[in-house]
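So the chains spell out like this:
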Amino acid sequence: MKTETKLLIADDWDDYALLDSGHLKKLERFGSQTVIRPDPQAFWEPVRPVDSWKADAAFLSKNDDEDGGGNWETLSPRAAEDWPMRWNGLTFTARRTAFRHMGVFQEHSVHWRFAQEQIRAAKRPVKVLNLFGYTGMMSLACAAAGAEVTHLDASPKSNGYGKDNQALSGLSDRTIRWIADDAMKFVAREIRRENRYDAIVLDPPKFGRGPKNETWRFEQDLPELLDNIKELLVEKPLFVIATAYAVRLSYLALSQTLGDRLAAFGGVMEQGEMALPQQGSSRLLPTALYARWRAS
């Protein structure tokens with residue numbers, strides 16, 4: 001298996017921009033709204049003093065946990081609870097959530113585009129499994145490229161937002177199965193059913209809970225999940241994408257763990273970090289680790 005190390009920069013947005021960052025904060029534009037959010041990696045000096053930043057809302061964190069709760073402070077009369085955004089022909093709703101997230105992980109556009117390219121180049125029917133799929137942008141991207149998608153997330157609310165985004169994007173005629181379930185249990189059942197997929201995407205949290213209070217712990221559960229992922233792939237799969245946030249892990253560890261499971265397929269393993277470009281600057285804000293395999 002060939003290995004390539006790459007820094008993936010999400011620079012293909014019109015409706016998103018990282019405007020400034022530093023002093024453990026970031027100033028961002030999501031469509032019509034500008035927000036200030038904490039960021040534990042932004043140690044550097046901002047371009048402009050943080051107290052001069054202008055935004056519609058700011059997230060006030062209760063603790064330093066990447067996914068910790070908090071509350072939003074409204075800073076402008078034009079601040080909205082939710083609003084439309086677009087990426088590459090897809091339309092979705094952005095929103096301010098209680099866990100600082102915005103209804104989209106914009107840095108993942110590097111993987112949405114990659115998945116679309118792989119699906120279109122395959123020139124055959126493609127089945128995609130999207131685990132920990134959140135509000136469905138990867139699912140929409142794959143469906144728009146012609147794939148049949150199974151989308152799984154433990155949160156019925158996130159799946160509901162995903163269905164709404166499917167309609168907003170004009171993809172109601174495309175096949176997306178929206179399933180609220182525990183990832184480990186679902187994957188085990190799919191193996192027993194002998195269902196197989198051409199491509200699998202997984203974006204697991206550091207810690208999570210399933211709909212029946214099942215627990216997910218990244219370091220503890222990822223190896224078993226990857227063992228089962230291998231069993232779900234067709235004889236000649238297209239790609240597998242794995243990402244990791246807020247864990248004490250190197251991209252090498254993620255890549256080599258995934259590579260162990262996929263060695264028999266040959267192909268190419270890409271590994272590295274994901275980042276957001278700062279507008280008007282050469283600065284990059286790191287966001288996540290990734291490992292993604294593709295057939296050669």
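Because the structure is a prediction, the values reported are computed rather than measured. (Residues numbered from 1 in each chain as written. Predicted model: local features only at pLDDT ≥ 70, side-chain atom pairs only at ≥ 80, totals over all residues. Heavy atoms only, no water.)

Novice: How would you summarise the overall build of the protein chain if you had to cite specific residues and measurements?
Specialist: Within the protein chain one finds six helices and 18 strands. Its C-alpha atoms give the protein chain a radius of gyration of 19 Å, near enough to 19 Å, the size a compact globule of 296 residues would have. The principal-axis extent of the C-alpha atoms belonging to the protein chain is close to 55 × 40 × 40 Å. For the protein chain, the proportion of its 296 residues judged to be buried stands at 55%. (Helix = DSSP H or I, 4+ residues; strand = E, 2+ residues; numbered from the N terminus. Rg over C-alpha atoms; globule rule 2.2 N^0.38 Å. Buried < 20%, exposed > 50% of the residue type's maximum accessible area, 1.4 Å probe, protein only.)

Novice: With reference to specific residues and values, describe the environment of Ile191.
Specialist: Positionally, Ile191 belongs in helix H4 (residues 183-193). Taking the C-alpha atoms as reference points, Ile191 and Glu231, 40 residues apart in sequence, are found 6.7 Å from one another. Setting aside residues no more than four positions away along its own chain, Ile191 makes contact with Arg196, Asn228, Glu231 and Leu232. (Contact = heavy atoms within 4.5 Å.)

Novice: Tell me about the pattern of salt bridges, and please be specific about residues and values.
Specialist: Counting across every chain of the model gives 17 salt bridges. Lys6 is paired through a salt bridge with Glu270; the nearest N and O atoms lie 3.1 Å apart. Separated by 264 residues along the polypeptide, Lys6 in the loop between strand S1 (2-5) and strand S2 (8-9) and Glu270 in strand S17 (residues 268-277) bring together distant segments of the chain. Arg113 is paired through a salt bridge with Asp12; the nearest N and O atoms lie 2.9 Å apart. (Salt bridge = Lys/Arg side-chain N within 4 Å of Asp/Glu carboxyl O.)

Novice: Residues and numbers for the environment of His101, please.
Specialist: Relative to the helices and strands, His101 resides in the loop between strand S9 (90-95) and helix H1 (109-122). For the pair formed by His101 and Phe59, sequence separation is 42 residues and the distance between their alpha carbons is 9.5 Å.

Novice: Give me the domain arrangement of the protein chain: which residues, what numbers.
Specialist: For the protein chain, the assigned domains read domain 1 (2-8 + 103-294) and domain 2 (13-81). The distance between the C-alpha centroids of domain 1 and domain 2 comes to 26 Å. Contacts between the two partners involve 14 residues from domain 1 and, on the opposite side, 18 residues from domain 2. It is Gln106, Gln278 and Leu285 that lose the most area in domain 1 upon contact with domain 2, and together they represent 41% of the buried surface on that side. Here domain 1 is connected to domain 2 by zero salt bridges. Inspection of the domain 1/domain 2 interface yields nine residue pairs in polar contact (both at pLDDT 80 or more). Listed by contribution, the elements that provide at least two residues to the side of domain 1 that touches domain 2 are H1, S17 and strand S18 (284-294). With four residues, S18 is the single largest residue contributor to the side of domain 1 that touches domain 2. Across the side of domain 1 that touches domain 2, the residue classes tally to eight nonpolar, five polar and one charged. (Domains from an automatic or database assignment. Buried area = accessible area lost by both parts, 1.4 Å probe. Polar contact = N/O pair within 3.5 Å; in protein donor to acceptor, adjacent residues only side chain to side chain. Nonpolar A, V, L, I, M, F, W, Y, C, P; charged D, E, K, R; others polar.)

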